[in-house]
Amino acid sequence: MQLARSLLGCVVVRVAPEGTLTAGAIVETEAYDGPADLASHARFGRTARTAPMFGAGGHAYVYLIYGLHTCLNVVSGPEGRAGAVLVRALAPLLGEAVMRERRGRPHDAAARLAAGPGRLTQALAIGRELDGHDLTLPHQLWLAGPPAAISRRLRQDGIAVGPRIGVAYAGPRWATRPWRFGWRGHAALSRPFPGAAGEAGRGEP
DNA sequence: ATAGGGATTCTC
DNA sequence: AGAATCCCTATT
C-alpha cells in the first residue's frame, strides 16, 4: 500500500522499439497483495502467468485482461513475497500526438488518453513482451521519481482513497478494502472516487 | 482436452 | 445495458 501511494506523481517513461518517446505522470493506482488477497492474481499461488508478482520488486507485471486489454503493474516487495500495484491512469506529459494516434481516437481530450489501465497501455504501446521487465533501468520502459512541481501540486490537491475496481468476485472483505489511490480531482482519473466532490452518483430521492 | 471467467472499454 | 475476445486457471 505504501508503494501504491508513493507511485502517485511518478513518471512512466516509454521508449518504443521505433524510438518513439511517450511519458506520463501516475495519477491513479491500486494495490494487490499476495495469496491471502482474494482479489489478487496471486490468490492461486505462483503460476507461469503470475511469476513476476513473486519476483523482485521494481519489475513489471503485464497481463492480458478480458482477452483484449493489457494492464501494467509495478511489482512490490522482496523476492518471494507476492504483491503488485496496478497503474490505472496517467496524465500525459510527452508524446500526446503519438498517444492519440495509437488510441485511434483523434477527438479524445489529452487528459483522457491514458485514463484507465487499458487505455494507458495502448497509449504507451506497452505489451506483454514487457512482462517481467526491470523498471529501474532506463531502457524501453522505466519509472522516474516525481518531479518537484508535480509533487507539490499533488500535495496541494490531496490523495483520494477508495475501494478497488472490478473485484466484487473476491467477496466483500477484499472488495471493500480501500486500496485504490488517486490524485484528488484530477482530470485523468479513470473514474471518480466515491464521495469525491464534483461528481455525485445517481440522484438520491 | 475443455469449460468458465475476468484488476476493461466502447457502443447501443 | 451488453458485446468483444482470448488467455489463464481449474477440472475431467
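Residues numbered from 1 in each chain as written. Chains lettered and ligands numbered in written order. Predicted model: local features only at pLDDT ≥ 70, side-chain atom pairs only at ≥ 80, totals over all residues. Heavy atoms only, no water.

Residues in contact with DNA strand C, as listed here, are Phe44, Thr47, Arg49, Thr50, Leu64, Tyr66, Gly67, Leu68 and Arg128. If you look at DNA strand C and keep only atoms within 4 Å of the protein, 80% of those are sugar or phosphate atoms. A distance of 2.4 Å is found between a phosphate oxygen of DNA strand C and a side-chain nitrogen or oxygen belonging to Thr47. One of the side-chain N or O atoms of Arg49 is found 3.0 Å from a sugar or linking oxygen in DNA strand C. Split by residue class, the surface near DNA strand C holds four nonpolar, three polar and two charged. (Near = heavy atom within 4 Å. Polar contact = N/O pair within 3.5 Å; in protein donor to acceptor, adjacent residues only side chain to side chain. Nonpolar A, V, L, I, M, F, W, Y, C, P; charged D, E, K, R; others polar.)

Summed over the entire model, instances satisfying the criterion amount to six salt bridges. A salt bridge links Arg88 to Glu30; the shortest N-O distance between them is 3.7 Å. Of this pair, Arg88 sits in strand β5 (residues 84-94) while Glu30 sits in strand β2 (residues 21-32), and the two are 58 residues apart along the sequence. Side by side, Arg88 and Glu30 carry an identical accessibility label, which is buried. Here Asp33 makes a salt bridge to Arg81, at a shortest N to O gap of 3.6 Å. A residue pair is termed long-range when its members are at least 10 positions apart, and Asp33 in the loop between β2 and α2 (51-54) and Arg81 in the loop between β4 (69-75) and β5 qualify at 48 residues. Where salt bridges share partners, they join Glu28, Glu30, Arg88 and Arg180 into one cluster. (Salt bridge = Lys/Arg side-chain N within 4 Å of Asp/Glu carboxyl O. Helix = DSSP H or I, 4+ residues; strand = E, 2+ residues; numbered from the N terminus. Buried < 20%, exposed > 50% of the residue type's maximum accessible area, 1.4 Å probe, protein only.)

Our focus in this paragraph is the environment of Arg100. Tracing the sequence through the fold places Arg100 in helix α3 (residues 96-103). Excluding residues that lie within four positions of it along the chain, Arg100 makes contacts with Arg105, Pro106, Asp108, Ala109, Ala110 and Leu113. (Contact = heavy atoms within 4.5 Å.)

What follows is about the side chain of Thr50. Within the secondary structure layout, Thr50 lies in the loop between β2 and α2. At a separation of 3.0 Å, a polar atom in the side chain of Thr50 contacts the main-chain amide nitrogen of Thr47. In contact with Thr50, not counting residues within four places along its chain, are His41, Gly45 and Tyr61.

Let's shift gears to the protein's contact with DNA strand B. Of all residues adjacent to DNA strand B, which total 22 residues, the nearest are Asn73, Arg103, Gly118, Arg119 and Tyr169. Within 4 Å of the protein, the contacting atoms of DNA strand B are drawn from sugar and phosphate to the extent of 60%. Here Ala39 contributes a backbone N or O atom positioned 3.5 Å from a base nitrogen of DNA strand B. One of the side-chain nitrogen or oxygen atoms of Asn73 is found 2.4 Å away from a base nitrogen of DNA strand B.

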